[in-house]
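Residue-level structural notes
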Amino acid sequence: METVILAEDSKTGSVLGQMMLNEHEQVVFCYDKPSGLKAIIAVHNTVLGPAAGGTRMWAYQNEADALNDVLRLSRGMTFKNAVAGLNIGGGKAVIIGDARKDKTELLFRTFGKFVNNLNGKYITAEDVGIGTQDIEYVAMQTKYVAGKPETMNGSGDPSPVTARGVYVGMKAAAKKVYGSDSLAGKKIAVQGVGHVGEHLVKLLTQENAKVYITDIYEDVLKNIAQQYKVEIVAVDKIYDLDMDIYAPCALGATINDDTLARLKCSIIAGAANNQLKDEKVHADACQQKGILYAPDFLINAGGIINVYYEIIEQYNRERALQHAEKIYDYAYQLFLEAETQKINTHQAAMNIALKRIADMEKLQRNR
Ligand code: NAD
């Protein structure tokens, strides 16, 4: 498989044209009048196994934004799953709607029916805006869903494991930059304190890091500030903070020309998917500015690792956590590799993913 560098604003062209750009295998548009469901499911690549990746619920401004997001996210899942050593391909779904207002049982069960129609080519799970109750509804209509509640023998909310992976990935970056992986006393800005952000804040404050948080919702911020020793900053001020580590845990494309001109950190390590607005330009720019960028799809793989152990066998949390813990070594080795090869860290991670996919394609041909 070849891959082109993807820029956040590459939204032009026909649907098939956009699919061809990054060799997406299948894109399914879903509409249902009674439930009001409007969703898009994207299967990017199934060389390593059935496409797996969460569903995002978001009030997209328009259809083009939703399509662009699902195409980018599903492509990201292919590389995330490959680099984490999982035998699943890349896929993702988006539901167009406001997660605070538009959720109903009917909506999620209808979505489950659409997932079921793909007969296992795509396995869904949680992403932004989706909780375990929603997953439970989806699971009433299809077996091709993971991250089911523990009461249904599922792996539950993947966010704590995602946060653990981000945390160890951040520590590996600290080891590379500061010579020690201790985060005590480090000034860390967490952007977005939802499912993953909250668990990350917990781990960071336990280690006595100096944590700053921001979010678009006041109630979310208040809840975190009541539980942990943190300082709240305004949404747009986060980029101007005097900080050591910037941890994007909200949405993508926050590493761009504007923010890079403002960021004074030495490490970027967070949970958000597709953090680089333009993969080549902004990964190079981080390198030139002396910022160590921990590739998002490498260090935020904990959630899909957790879900994977529900997909392939009777779920075992210990096994999932052990695998997520390896993100420390994966990341540290990657930083060394990028340095030796004089390439940016994003490219180094992509090279590992692309090689694994190419190797497994050879294996399939050899049968
Ligand atoms: P979430 O919806 O629970 O939390 C996201 C938070 O970000 C929300 O509180 C939201 O209000 C806030 N937010 C949105 N826009 C913001 C902005 N401009 N500034 C500040 N805050 C903003 O989602 P989550 O599950 O915690 O996921 C966070 C990110 O991590 C997403 O990009 C997601 O794709 C990625 N991710 C999540 C998982 C997982 O296990 N949940 C796994 C891998 C990657």
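Residues numbered from 1 in each chain as written. Predicted model: local features only at pLDDT ≥ 70, side-chain atom pairs only at ≥ 80, totals over all residues. Heavy atoms only, no water.

1. Some details on the overall build of the protein chain
Along the protein chain, the regular secondary structure elements total 14 helices and 12 strands. Computed over C-alpha atoms, the radius of gyration of the protein chain comes to 19 Å, within 12% of the 21 Å expected from 2.2 N^0.38 for 367 residues, which places it in the range of a compact globule. Referenced to the eigenvectors of the C-alpha coordinate spread, the extents of the protein chain come out at roughly 50 × 50 × 45 Å. Looking at the protein chain alone, contacts between residues at least 24 apart form 67% of all its contacts between residues at least 6 apart. In the protein chain, which carries 41 positive and 44 negative side-chain charges, the distance between the mean positions of the two groups comes to 2 Å. (Helix = DSSP H or I, 4+ residues; strand = E, 2+ residues; numbered from the N terminus. Rg over C-alpha atoms; globule rule 2.2 N^0.38 Å. Contact = heavy atoms within 4.5 Å. Lys, Arg positive; Asp, Glu negative; His and termini not counted. Charge placed at Lys NZ, Arg CZ, Asp CG, Glu CD.)

2. Some points on helix α4 (residues 132–139)
Each turn of an α-helix holds 3.6 residues, which means side chains three or four residues apart point in the same direction. Among the residues of α4, those classed as buried are D134, I135, Y137, V138 and A139. Lining the buried residues of α4 we find α3 (105–117). (Buried < 20%, exposed > 50% of the residue type's maximum accessible area, 1.4 Å probe, protein only.)

3. Regarding the packing of aromatic side chains
What the rule picks out here adds up to two aromatic pairs. Centroid distance Y239 to Y246: 5.8 Å. Interplanar angle 65°. Geometry classified as edge-to-face. You can call Y239 buried: its relative accessible area is 9%. Here Y246 falls in the buried class, since its relative accessible area comes to 0%. Ring plane angle 80° and centroid distance 5.4 Å describe the contact between Y308 and Y309, whose orientation is recorded as edge-to-face. Owing to a relative accessible area of 7%, Y308 belongs among the buried residues under this scheme. Assessed through its relative accessible area of 7%, Y309 is described here as buried. Its end group placed over the ring of Y332, K175 keeps NZ or CZ at 4.7 Å from the ring centre. Over the aromatic face of Y212 sits the side chain of K210, whose NZ or CZ is 4.7 Å from the ring centroid. (Phe/Tyr/Trp six-rings, centres within 6.5 Å; stacked < 30°, edge-to-face > 60°. Lys NZ or Arg CZ within 6 Å of the ring centre and 35° of its normal.)

4. Quick look at the pairing of strand β4 (residues 55–58)
Relative to strand β5 (residues 89–96), β4 is paired through four bridges, and the arrangement is parallel. Residue pairing across strands places T55 opposite A93, the latter belonging to β5. Crossover handedness for the path β4 to helix α2 (residues 63–83) to β5: right-handed. (Pairing = 2+ DSSP bridges. Right-handed = clockwise from strand over helix to strand, strands pointing away.)

5. Describing the nonpolar core
The biggest cluster of nonpolar side chains holds 91 residues, and the ones touching the most others in it are I41, F111, M170, I188, V190, L200 and L204. Element by element, the count of residues in this core is highest for helix α5 (residues 159–178), at eight residues. Of the residues that make up this core, three or more belong to each of domain 1 (2–71 + 89–154) and domain 2 (160–301 + 329–353). With sequence-adjacent residues up to four places away left out, I188 is seen in contact with M170, L183, L204, A209, K210, V211, Y212, I245 and A247. Grouped together as the second largest cluster of nonpolar side chains are 19 residues, A189, V233, Y246 and L260 included. (Core = buried A, V, L, I, M, F, W, Y, C linked by side-chain atoms within 4.5 Å. Domains from an automatic or database assignment.)

6. Digging into the site of the ligand
Contacts to the ligand come from 23 residues, most closely from T162, H195, D215, A250 and N273. Contact distances for the ligand include 2.6 Å between an oxygen atom and a side-chain N or O atom of D215. Relative to its free-state accessible area of 830 Å², the ligand is covered by the protein chains to the extent of 89%. Where the shell around the ligand is concerned, the elements lending two or more residues are α5 and α6 (195–206). In the shell around the ligand, the residues fall into 10 nonpolar, nine polar and four charged. Of the residues that make up the shell around the ligand, three or more belong to each of domain 1 (2–71 + 89–154) and domain 2 (160–301 + 329–353). (Near = heavy atom within 4 Å. Polar contact = N/O pair within 3.5 Å; in protein donor to acceptor, adjacent residues only side chain to side chain. Areas by Shrake-Rupley, 256 points an atom, 1.4 Å probe, with all protein chains shown as cover. Nonpolar A, V, L, I, M, F, W, Y, C, P; charged D, E, K, R; others polar.)

7. Here we look at the pairing of strand β7 (residues 187–191)
With four of five residues buried, β7 lies mostly within the body of the structure. One ladder, built from five bridges, connects β7 with strand β8 (residues 210–214); its direction is parallel. The residue bridging I188 from the neighbouring strand is V211, located in β8. Remark: the β7/α6/β8 crossover connection has right-handed handedness.

8. Quick word on the sheet that holds strand β12 (residues 292–293)
Spatial ordering of the open sheet is given by β9-β8-β7-β10-β11-β12, a layout of six strands whose pairing is parallel. With partners counted over all chains shown, the strands left at the sheet margins are β9 (230–232) and β12, one partner each. Here strand β11 (residues 267–268) pairs with β12 via two bridges, running parallel. Considered in β12, the bridge of I267 is made with L292. Each of β8 and β9 touches helix α7 (residues 218–227); the most contacted strand, β9, lies at about 155° to it. (Axes fitted to C-alpha atoms, helices over the stretch in contact; angles between N-to-C directions.)

9. What to know about the side chain of T162
Structurally, T162 can be placed in helix α5. The class for T162 is buried, based on a relative accessible area of 9%. In this structure T162 touches V196, A271, I299, N300, G302 and G303, once residues within four positions along its chain are discounted.

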